[in-house]
Amino acid sequence: MLPGAVLASWLLCVSTSTLYLYFCPFTKVEESFNLQAVHDHIYYGYNLSQFDHIEFPGPLPRTFIGSLIVGYTSMPISLLFAHIPKLYTQYAARLMLMMLVMLSYLHFLSSVKKLYGSAVAVWSCLLLSSQFHFLFYASRTLPNTFALIFALLAVSCWLRSWHRGFVFSAGFAIIVFRCELLLLFGLMLLISLIYGRLNVWRLLFWIVAAGSISLGSTLLIDSYYWQQLVWPEAWAFYFNAVLNKSSEWGTSPFFWYFYSALPRAMGMSLAIVPLGMVLDRRCLVMAAPSFGFLFLYSFLPHKELRFILYVVPVLNVAAARACSVVWNNKYKSLLMGLMTLAVVGHLLVNVLMTSFLLKLSYHNYPGGRALQYLNSLPNPNKELTVHIDIYAAQTGVSRFLHEHKGWRYDKSEDMVKVKKEISSYDYLLIGTPDEPEIDTIVQQYSLTHNAVHSVLCYKSIHLTKEYPFIDVNLAPCIWLFKLRH
């Protein structure tokens with residue numbers, strides 16, 4: 001049973017993540033496959049002919065297991081409230097995913113409490129709630145988020161030295177969701193072997209069992225949904241690591257995770273991590289696989305912050321250990337008093353950074369906001385055709401925003417065909433992410449349609465004299481055009 005202070009601090013994390021979901025309900029292209037799949041599980045069940053991936057399969061197959069879990073656990077809400085806007089069902093589905101992540105994090109906290117005490121568990125929650133990215137991504141339908149559920153369970157089991165649970169949770173996360181986690185969990189397993197905590201033959205039996213169950217699950221379920229024998233994560237490994245196709249989405253310097261991604265994910269708390277490892281050797285042992293994972297994963301040129309979310313709660317424990325020691329000795333000397341002020345002050349700096357990042361993110365989904373606006377317009381015509389261009393589709397549009405059954409929402413990427421049939425669309429959602437193109441694009445589509453609305457999005461930042469002292473410059477980047485009659 002966890003103490004009330006730990007549960008209260010965990011609820012603070014849940015509330016913070018829910019706040020992020022409320023202000024940023026829409027999703028981007030990286031989340032699109034799983035979000036569309038969640039929608040299709042809820043509204044189409046086993047009618048695969050209606051599923052989005054049949055028409056838009058994407059560059060490589062992805063697993064349906066995560067979306068299947070979230071879709072069917074969210075389905076009762078759509079059945080109970082059949083007449084509510086579908087966007088609210090999207091809120092519910094993302095909230096369900098967030099709770100699965102946070103329940104897994106609660107299990108992780110119980111292991112932290114057992115190993116380091118309640119104070120460190122509480123401080124871990126305080127640090128996490130002051131940071132932005134982990135709790136922001138906790139409700140987003142990314143493959144990394146689904147993997148995070150099982151990754152947290154695996155780390156929790158590893159901290160408890162419950163190696164059977166570790167192998168099964170880690171194996172499922174690796175084989176089904178994110179193969180790069182083999183680096184992180186392989187290093188954890190190596191440490192356990194070095195410290196003599198494992199029976200090798202028993203370990204091999206667990207690995208074979210976990211691998212068979214995980215591989216069997218993904219082959220059975222995903223082959224059904226893709227209508228061919230497929231292991232999606234093996235395709236992802238071949239695509240990203242062997243062919244290095246992920247580099248087409250951009251590359252970053254080798255140490256980018258260390259000097260850019262990790263500081264943004266952890267804020268000022270990262271500076272306290274070394275102190276925790278010095279004060280408690282167990283923190284050094286615990287954090288070593290995370291730093292090893294970051295180093296090894298840096299060899300892949302394409303880098304994104306979401307790829308390393310798994311190490312944030314682990315490294316937070318080291319920082320929390322330092323915060324706990326400083327706080328418990330705050331009255332013992334002037335130095336400790338000053339360090340206490342630094343510990344509390346760094347949380348305030350984190351919150352300041354988080355406030356700015358939330359404001360930035362709020363303006364980062366113009367496609368979703370544009371289609372939401374269109375759905376809210378009174379329109380007696382029950383049969384309309386809406387064209388959604390690539391930029392709008394990648395910045396927030398999903399099937400959860402297809403509110404009107406009689407409307408046809410077209411996401412065709414064949415712009416030659418679209419331009420030939422432009423007068424057949426009642427509405428157009430057109431993106432203008434590059435400012436110099438705005439006048440040209442507006443004039444181009446104004447030959448057949450009237451521009452009736454525009455959505456602003458983030459362009460740059462500037463300093464201000466008011467909290468949070470940094471503001472964003474906005475400019476139109478999605479235009480809604482209506483057919484002239």
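See the structure shown above.
Being a predicted model, the structure only gives us computed values, none of them experimental.

Parameters at a glance
- Within every chain, residues take consecutive numbers counted from 1 along the sequence as written.
- Selection of residues for local features in this predicted model requires a pLDDT of at least 70, selection of side-chain atom pairs for listing and counting requires 80 or more, and totals for whole chains, interfaces and linings are taken over all residues.
- Side-chain metrics rest on all non-hydrogen atoms present in the structure, leaving aside hydrogens and water.
- Numbering goes from the N terminus for both helices and strands, where a helix is a DSSP run of H or I of at least four residues and a strand is a run of E of at least two.
- Two distance rules govern patches: like charges are joined within 9 Å, and nonpolar side chains (Val, Leu, Ile, Met, Phe, Trp, Tyr) within 5 Å, applied only to residues with over 30% relative accessible area and no salt bridge.
- Here, Shrake-Rupley sampling with a 1.4 Å probe gives the accessible areas, and only protein chains in the shown set may cover a residue.
- Any carboxyl oxygen of Asp or Glu within 4 Å of a side-chain nitrogen of Lys or Arg constitutes a salt bridge here.
- Only protein chains enter the calculation, and the probe is 1.4 Å; a residue is then buried if its accessible area is under 20% of its type maximum, exposed if over 50%, and partly exposed in between.
- To define axes, lines are fitted to C-alpha atoms, for helices over the stretch in contact only, and angles between the resulting N-to-C directions are given on a 0 to 180 degree scale.
- Working definition: roughly parallel below 35 degrees, roughly antiparallel above 145 degrees, roughly perpendicular at 65 to 115 degrees, and oblique for all remaining angles.
- By the definition used in this description, the sense in which the near helix is turned from the far one sets the handedness, with an anticlockwise turn below a right angle giving left-handed and a clockwise turn giving right-handed.
- Any two residues having at least one pair of non-hydrogen atoms within 4.5 Å are treated as being in contact.
- Under this grouping Gly is polar, as are all residues other than the nonpolar Ala, Val, Leu, Ile, Met, Phe, Trp, Tyr, Cys and Pro and the charged Asp, Glu, Lys and Arg.

(A) Main features of unusual backbone geometry. Despite not being glycine, Ser161 shows a phi value in the positive range, around 60°. Within the secondary structure layout, Ser161 lies in the loop between helix H8 (143–159) and helix H9 (163–177).

(B) Main features of a nonpolar patch on the surface. A contiguous nonpolar surface patch, about 510 Å² in accessible area, is contributed by Leu193, Val200, Trp201, Leu204 and Ile207. With four residues, helix H11 (residues 200–226) is the largest single contributor of residues to the nonpolar patch. Note that Trp201 resides in helix H11. The class for Trp201 is exposed, based on a relative accessible area of 70%.

(C) Structural detail: the pattern of salt bridges. Applying the stated criterion across every chain, the model contains 10 salt bridges. In this structure, Arg282 and Asp280 form a salt bridge, with 2.7 Å as the shortest nitrogen-oxygen distance. On the basis of relative accessible area, Arg282 is assigned to the partly exposed category, the value being 37%. When the shortest N-O distance is used, the salt bridge between Arg306 and Glu304 registers 2.7 Å. Arg306 gets classed as buried once you look at its relative accessible area, which sits at 11%. One network of salt bridges, with partners in common, ties together Asp40, Asp52, Arg399 and Lys411.

(D) Quick look at the packing of helix H10 (residues 181–194) against helix H15 (residues 281–297). Relative to each other, H10 and H15 sit at 140°, their axes nearing to 8 Å. With respect to their mutual orientation, H10 and H15 come out oblique. As H10 packs across H15, the resulting crossing turns out to be right-handed. The segment H10 lies against H15, with Leu183, Leu184, Leu187, Met188 and Ile191 engaging Val285, Ala288, Pro289, Ser290, Gly292, Phe293, Leu296 and Tyr297. Broken down by class, the residue content of the contact of H10 with H15 amounts to 11 nonpolar, two polar and no charged.

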